[in-house]
Amino acid sequence: GRWGVVGRWGQRMSLRTTTRTRAQGGGGKSDQYDGFVPPEISTEHYWAAQGMGALCWFWMMYRAYHDGPAMLGLKHPWEH
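Overview of the structure.

Basis of the calculations
Residues numbered from 1 in each chain as written. Predicted model: local features only at pLDDT ≥ 70, side-chain atom pairs only at ≥ 80, totals over all residues. Heavy atoms only, no water. Patch = residues over 30% accessible without salt bridge, like charges linked within 9 Å, V, L, I, M, F, W, Y side chains within 5 Å. Areas by Shrake-Rupley, 256 points an atom, 1.4 Å probe, with all protein chains shown as cover. Salt bridge = Lys/Arg side-chain N within 4 Å of Asp/Glu carboxyl O. Buried < 20%, exposed > 50% of the residue type's maximum accessible area, 1.4 Å probe, protein only. Phe/Tyr/Trp six-rings, centres within 6.5 Å; stacked < 30°, edge-to-face > 60°. Helix = DSSP H or I, 4+ residues; strand = E, 2+ residues; numbered from the N terminus. Expected span 1.5 Å × (residues − 1). Bend = angle between axes of the 7 residues up to and from the residue.

1. A look at a nonpolar patch on the surface
Taken together, the side chains of Ile-41, Tyr-46 and Trp-47 make up a nonpolar region of the molecular surface, amounting to roughly 370 Å² of accessible area. Residue Ile-41 is classed as exposed on the basis of its relative accessible area, which comes to 54%.

Following this line, the structure appears as structure tokens:
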């Protein structure tokens, strides 16, 4: 027999997965959205953005390491 589970409202839910797939509203890969075409960015700009993002994360982690309790409100800023 088929094994199943009774759902929240009493409907029977199968534990087996189906092989049928369903499109989730996409029409395939497209480079446009409502006529908007994103610009091509240069490699230099891409890596500059990656570096700036990494610098921001490193700075936040550095400040959290040194001023964590003050940042979380567990200690007054003038007490450390």
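2. Details of the packing of aromatic side chains
A full pass over the atoms with the stated rule returns 2 aromatic pairs. Each ring, one from Tyr-46 and one from Trp-47, has its centre 5.0 Å from the other, and the planes form 85°; the classification is edge-to-face. Aromatic pair Trp-59 and Tyr-62: ring centres 5.7 Å apart, planes at 25°, arrangement stacked. With Trp-59 and Tyr-62 both in helix H1 (residues 43-71) and 3 residues apart, this pair spans about one turn of that helix.

3. A few points about H1
For H1, which comprises 29 residues, the first-to-last C-alpha distance of 36 Å sits more than 12% below the rise-based estimate of 42 Å (1.5 Å per residue). The axis of H1 is deflected most strongly, by about 65°, at Tyr-65, and proline Pro-69 appears within four residues downstream. Just downstream of H1 lies Gly-73, where phi reads positive at about 80°.

Any functional reading would require information beyond the geometric quantities listed.
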